[in-house]
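One-letter residues, chain by chain:
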Amino acid sequence: MTKAVVAKNVTKKFKLYAGQTDRLKDLVLPGNFGKEFYALRNVSFEAKQGDIIGLVGVNGSGKSTLSNIIAGIVPQTSGSIEINGETAIIDVSAGLNNKLTGRENIKLKCLMLGFTNKEIKKMEPEIIEFAELETFIDQPVKSYSKGMKSRLGFSINISINPDILIVDEALSVGDKAFAKKSLDKMKEFRDSGKTMFFVSHSSSQIKEFCNKALWLEFGETKAYGDMEDVMKEYDAFLKKYNKWSKKKRAAFREEGFKRQSLPEKELVTMS
Ligand SMILES: Nc1ncnc2c1ncn2[C@@H]1O[C@H](COP(=O)(O)OP(=O)(O)OP(=O)(O)O)[C@@H](O)[C@H]1O
C-alpha cells in the first residue's frame, strides 16, 4: 500500500530565553544565549494511505508541533518527513485572516490551493452551509466568536478534500451538535480512503475513530502502532496519572522538562 507519510527522526528544537536581553544577544552576538528545548526528538513513524492516526499525550507532549510539521506550517529542525499528497490542517486557531470576511477567507484559502474561481463558486455555498454562517459570512472574521471561527476553519479545510487531513483539537470548541456533524464528516472522509491525523484529548474519540495511535511523551515516541494496543497502554497510564497528587504530577512534568532541555549526547534512552 502507498505510504502517505514517512517521518524519520523528526526533531524540533526551540530556544527558550530568560528574557528579551538574552533573545537580542542571541541574535546579534557570537556565542550561544538561551536554552535549547526539544519539543520533538527523533520521532519516526510511517503512515499508509488510509491510516487514521490518533496523536495522544498529556499537555505539552508535542502533538501540535508534530501536526504543524506534517501540515508544512513549521519546519523540523532535523530529521526528514516525506509527505505524499496535499495536506490540510484543521485546528482551533484555523489560520484564518481576521481582517477579511468569512467569504473572502474561503476564496483566499481555495485560491492558494489552486482552485479556479468557477470551482470556488461551486464550493462556497456548501462550505457556508456546513459552517452554519449564512447570516455572518460577509462580516469580518475578527467579529466572529471562537466557535464560529472554528466552524469556518473546519468547513473550509474538509471541503477542499485534501489527501491528508490533520485535525488538531477541532472538536473541542463549539457546541455538541456541530462536533457530532464534524465527526460524521470526518468519517465520510475516512471511509473514502484518505489519510488522517487526529489530535484529541478524548480517548473515546480516538478509539472510535482511529486504526493507529502515536503516543508522545515530552516530545518523544512512547508508543506507536495498532490503536488498540497503544490506547490500552495510554489509558492505563492516564488512570495512574489522574490519581497522582498535584505534587507528583508537577514532579513528573519537571523531570520531563529537564529531559527536553538535555542535549542529544547526554540523553539516555527512555524506558
Ligand atoms: N514557539 C515555541 N517556542 C517555544 N516553545 C514552544 C513553542 N511551541 C511549542 N513549544 C513547546 O513545545 C512543547 C510541545 O508543545 P505542543 O503544543 O506541541 O504540545 P501539545 O502536546 O500539542 O500540547 P497541548 O495538549 O497542551 O496542546 C511544549 O513544551 C511547548 O511549550
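Here goes a summary of the coordinates provided. (Residues numbered from 1 in each chain as written. Predicted model: local features only at pLDDT ≥ 70, side-chain atom pairs only at ≥ 80, totals over all residues. Heavy atoms only, no water.)

**Details of the site of the ligand**
This is how the line gets drawn: Here, proximity means that at least one heavy atom of the residue falls within 4 Å of the molecule or strand. By the criterion applied in these results, polar contacts are pairs of N or O atoms within 3.5 Å in which, for protein atoms, one can donate a hydrogen and the other can accept it, and in which residues neighboring in sequence qualify only through two side-chain atoms. Where accessible areas are quoted, they stem from the Shrake-Rupley method and a 1.4 Å probe; at the residue level, only the protein chains shown are allowed to cover. Numbering goes from the N terminus for both helices and strands, where a helix is a DSSP run of H or I of at least four residues and a strand is a run of E of at least two. Residue classes follow a fixed rule: Ala, Val, Leu, Ile, Met, Phe, Trp, Tyr, Cys and Pro count as nonpolar, while Asp, Glu, Lys and Arg count as charged, and any other residue, Gly among them, counts as polar.
As a structural note, the neighbourhood of the ligand is formed by 13 residues, with Gly 60, Gly 62, Lys 63, Ser 64 and Thr 65 the closest of them. Side-chain polar atom of Thr 65 to an oxygen atom of the ligand: 2.5 Å apart, as the coordinates give it. Computed on the free molecule, the ligand has an accessible area of 640 Å², of which 62% lies beneath the protein chains in the complex. Elements with a minimum of two residues in the shell around the ligand: strand S1 (3–16), strand S2 (35–48) and helix H2 (63–70). Per element, the largest residue contribution to the shell around the ligand is 3 residues, and it comes from H2. When grouped by side-chain class, the residues that make up the shell around the ligand number 5 nonpolar, 7 polar and 1 charged.

**Notes on the packing of aromatic side chains**
Filter applied, for reference: Two aromatic rings from Phe, Tyr or Trp, using only the six-membered ring of Trp, form a pair when their centres are within 6.5 Å; if the ring planes differ by under 30 degrees the pair is stacked, by over 60 it is edge-to-face, and anything between is tilted. Summary of the burial criterion: residues with accessible area below 20% of their type's maximum are buried, those above 50% are exposed, and those between are partly exposed, where the area comes from a 1.4 Å probe applied to protein chains only. Counting as a charge over the ring demands two things of the Lys NZ or Arg CZ atom: a distance within 6 Å of the ring centre and an angle within 35 degrees of the ring normal.
Tallied over the entire structure, the rule returns 17 aromatic pairs. For the pair Tyr 241 and Trp 244, a centre-to-centre distance of 5.6 Å together with 55 degrees between the ring planes defines the contact as tilted. Here Tyr 241 matches Trp 244 in class, with each residue buried. Judged by centre distance (5.9 Å) and plane angle (65 degrees), the rings of Tyr 241 and Phe 252 are edge-to-face. Here the residue Tyr 241 occupies a position in helix H8 (residues 227–243), and Phe 252 occupies one in helix H9 (residues 246–260), the gap between them amounting to 11 residues. Here Tyr 241 falls in the buried class, since its relative accessible area comes to 8%. Every member of this aromatic cluster is reached through a ring pair, and the members are Trp 215, Phe 218, Tyr 234, Phe 237, Tyr 241, Trp 244 and Phe 252. Lying across the ring of Phe 178, Arg 151 places its NZ or CZ 5.9 Å from the centre. The ring centre of Tyr 241 lies 5.1 Å from the NZ or CZ of Arg 249, which sits over that ring.

**Quick look at unusual backbone geometry**
The backbone phi angle of Asn 9 is positive, close to 50 degrees, even though this residue is not glycine. Relative to the elements of secondary structure, Asn 9 occurs in strand S1. With a phi angle near 50 degrees, Asn 42 is a residue other than glycine that sits in the positive phi range. Relative to the helices and strands, Asn 42 resides in strand S2.

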